[in-house]
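Chain residues, written in single-letter form:
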Amino acid sequence: MAAYVALIRAVNVGGTGKLPMAELKALAEGLGFAEVSTYIQSGNLIFRDGGDPAAIAARLDQALGDRLGKAPGVFLRTPAELNAVLDNNPFAAMAPERVLVSFFGEPPGDDALHGFVAPDGEEAVVRGREIYVHYPIGSGRSKIRLPALKAGTSRNINTVARLAELAGGIEGA
């Protein structure tokens with residue numbers, strides 16, 4: 001069975017999509033996922049499953065939609081894919097807590113940076129199914145506008161690295 005990380009959109013952010021991680025873990029175990037764990041309170045699920053990745057993501061998204069009243073969006077990555085995200089980081093020289101990666105189900109497209117406004121010197125790069133954004137003053141204070149980000153879910157580089165490590169730890173088990 002393959003190891004996966006499910007990056008769940010809009011969970012425990014700004015008072016929306018309230019879902020205790022113990023409940024998320026129980027929901028995933030109820031779907032038959034093995035070696036389930038969570039990481040921090042922002043909708044990161046690590047597990048093993050032998051099914052098709054697209055079907056796994058859809059099943060989890062539907063179950064979460066039933067629980068939350070609306071499907072939040074689930075973006076699945078393997079440990080190797082997360083390591084590639086880290087390797088492809090165009091802002092590797094920057095402080096990792098100031099670089100966020102937005103994950104999507106499909107590549108965002110050629111127009112993904114359309115409407116990008118960076119008043120504080122933010123930079124954005126599209127690579128594969130991700131958009132990397134460097135926030136020089138931090139994401140919490142930034143006034144960035146990038147409409148494409150709304151369809152994905154973001155994690156900072158430190159979190160991506162930890163998720164890759166955790167998923168990699170169960171991959172060989």
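Preceding this paragraph is the structure being described.
Quick caveat, the model's predicted, so the values are computed rather than measured.

Caption draft 1: Quick peek at the sheet that holds strand E1 (residues 2-8). Read from one edge to the other, the open sheet built from four strands follows the order E2-E3-E1-E4, with strand pairing classed as antiparallel. Looking at which strands have only one partner, the edges of the open sheet turn out to be strand E2 (34-38) and strand E4 (74-77). For this sheet, the mean inter-axis angle between neighbouring strands, taken without regard to orientation, is 20 degrees. Summarising the sheet, E1 and E4 pair through four bridges and their orientation is antiparallel. Opposite Ala6, over in E4, you have Leu76 as the bridge partner.

Caption draft 2: Focus on helix H3 (residues 79-87). The complete set of buried residues in H3 reads Pro79, Leu82 and Val85. Projection of H3 onto a plane perpendicular to its axis shows the buried side chains occupying an angular sector of 115 degrees, all on one side. Exposed residues on H3 whose side chains face more than 90 degrees from its buried face are Ala80 and Asp87. On the buried face of H3, the contacting elements are E1, E4, strand E5 (99-103), strand E7 (130-134) and helix H4 (157-171).

Caption draft 3: Seen up close, the packing of aromatic side chains. This structure, assessed with the given rule, holds two aromatic pairs. Geometrically, the ring pair formed by Tyr4 and Phe47 is tilted, given 5.9 Å between the ring centres and 35 degrees between the ring planes. Here Phe47 lies in strand E3 (residues 44-49) and Tyr4 lies in strand E1, a separation of 43 residues in the sequence. Take Tyr4 and Phe47: they sit in the same class, and that class is buried. Measuring from centroid to centroid gives 4.2 Å for Phe33 and Phe47, while their planes differ by 15 degrees, and the two rings are stacked. Of this pair, Phe33 sits in the loop between helix H1 (21-30) and E2 while Phe47 sits in strand E3, placing them 14 residues apart in sequence. Pair check on accessibility: Phe33 and Phe47 agree, each one buried. Through a chain of ring-to-ring contacts, three or more aromatic side chains come together here, namely Tyr4, Phe33 and Phe47.

Caption draft 4: Geometry of the sheet that holds E7. Read from one edge to the other, the open sheet built from four strands follows the order E6-E7-E5-E8, with strand pairing classed as antiparallel. Each edge of the sheet is formed by a strand with only one pairing partner; in this case those strands are strand E6 (123-127) and strand E8 (153-156). Strand after strand, the sheet turns through a mean of 25 degrees between neighbouring axes, direction not considered. Lying on the sheet, H4 is in contact with E5 and E8; it crosses E8 at an angle near 90 degrees.

How each quantity is defined
Residues numbered from 1 in each chain as written. Predicted model: local features only at pLDDT ≥ 70, side-chain atom pairs only at ≥ 80, totals over all residues. Heavy atoms only, no water. Pairing = 2+ DSSP bridges. Helix = DSSP H or I, 4+ residues; strand = E, 2+ residues; numbered from the N terminus. Axes fitted to C-alpha atoms, helices over the stretch in contact; angles between N-to-C directions. Buried < 20%, exposed > 50% of the residue type's maximum accessible area, 1.4 Å probe, protein only. Arc of directions from axis to C-beta. Contact = heavy atoms within 4.5 Å. Phe/Tyr/Trp six-rings, centres within 6.5 Å; stacked < 30°, edge-to-face > 60°.

These values are about where atoms sit, not about what they do.
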